[in-house]
Amino acid sequence: MYTLIVILLVLVGVGLLIAEMFLLPGFGIAGISGFSALIASVVVAYLKISHMAGHIALAACLLLSALAIYGFFRSRAIEKMGLDAQIDSKVGLADPGKKINDLKEK
C-alpha cells in the first residue's frame with residue numbers, strides 16, 4: 001500500500017513541477033506542491049517501507065526532476081517565454097545637462 005503511495009507522490013510531484021515549468025511560469029503553488037510531494041514521497045518511503053526503498057525513492061525523485069529540467073531547457077521554452085526585443089530609441093529628455101526650459105518640441 002505504501003509503495004503505491006510513494007509512486008503516486010513521485011509522479012504527482014514531477015507532474016506538478018513539469019506543469020510549473022511549461023504551463024505556469026513563476027514559482028507558485030504548483031512548484032511548491034510538486035516539491036512537497038517529492039519530499040513527502042521520500043519521507044514515506046524511508047519511514048513506512050525501508051531504508052532501501054527510501055534510497056530508491058530519493059534517487060527516482062532526483063533523476064526524474066533532473067530529466068524534467070533537462071527537457072525544459074532542451075525544449076527552448078525559455079526563449080518563447082522571455083522578451084527578445086532590443087530597444088534602440090533614445091528619449092531627448094533623458095540627456096544629462098538639459099533643463100526642461102531649454103527643450104524644444106521637434
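All figures in this text were calculated on a predicted structure; none of them were measured in a lab. (Residues numbered from 1 in each chain as written. Predicted model: local features only at pLDDT ≥ 70, side-chain atom pairs only at ≥ 80, totals over all residues. Heavy atoms only, no water.)

Asker: I'd like to hear about a nonpolar patch on the surface, residue by residue, with values.
Answerer: A contiguous nonpolar patch, built from Met1, Tyr2, Ile5 and Ile49 and spanning about 400 Å² of accessible area, is present on the exposed surface. Here Tyr2 is to be found in helix 1 (residues 2–22). For Tyr2, a relative accessible area of 39% translates into the label partly exposed. (Patch = residues over 30% accessible without salt bridge, like charges linked within 9 Å, V, L, I, M, F, W, Y side chains within 5 Å. Areas by Shrake-Rupley, 256 points an atom, 1.4 Å probe, with all protein chains shown as cover. Salt bridge = Lys/Arg side-chain N within 4 Å of Asp/Glu carboxyl O. Helix = DSSP H or I, 4+ residues; strand = E, 2+ residues; numbered from the N terminus. Buried < 20%, exposed > 50% of the residue type's maximum accessible area, 1.4 Å probe, protein only.)

Asker: So what's going on with the packing of helix 2 (residues 29–49) against helix 3 (residues 51–74)? Which residues, and what values?
Answerer: Put simply, helix 2 and helix 3 touch, their axes get as near as 6 Å, and they point 165 degrees apart. Here helix 2 is positioned roughly antiparallel relative to helix 3, judged by the angle of their axes. Every pair of crossing elements has a handedness; the one defined by helix 2 and helix 3 is right-handed. Here Leu38, Ser41, Val42, Ala45, Tyr46 and Ile49 of helix 2 come into contact with helix 3, specifically with His51, Ala53, Gly54, His55, Ala57, Leu58, Cys61 and Ser65. (Axes fitted to C-alpha atoms, helices over the stretch in contact; angles between N-to-C directions. Parallel < 35°, antiparallel > 145°, perpendicular 65-115°, else oblique. Left-handed = near helix turned anticlockwise from the far one by under 90°. Contact = heavy atoms within 4.5 Å.)

Asker: Break down the nonpolar core for me, with residues and values.
Answerer: Grouped together as the largest cluster of nonpolar side chains are nine residues: Val6, Val10, Val14, Leu17, Leu38, Val42, Ala45, Ala57 and Cys61. The set of elements that each furnish at least two residues to this core consists of helix 1, helix 2 and helix 3. Element by element, the count of residues in this core is highest for helix 1, at four residues. (Core = buried A, V, L, I, M, F, W, Y, C linked by side-chain atoms within 4.5 Å.)

Asker: Outline the layout of surface pockets, supporting the account with residue identities and numerical values.
Answerer: In this approach a probe as big as a water molecule rolls over the atoms, and the regions it shows empty are the leftover space. Looking at the largest pocket, its volume works out to about 210 Å³. If you list the elements that add at least two residues to the lining of the largest pocket, you get helix 1, helix 2 and helix 3. The element that contributes the greatest number of residues to the lining of the largest pocket is helix 3, accounting for six residues. Its residues assigned to classes, the lining of the largest pocket shows 12 nonpolar, two polar and one charged. (1 Å grid on protein atoms, 1.4 Å probe; cavity = no way out; pocket = protein on both sides within 12 Å on 5 of 7 lines; lining within 4 Å. Points joined across faces, edges and corners; volume = space filled by probe spheres on them. Nonpolar A, V, L, I, M, F, W, Y, C, P; charged D, E, K, R; others polar.)

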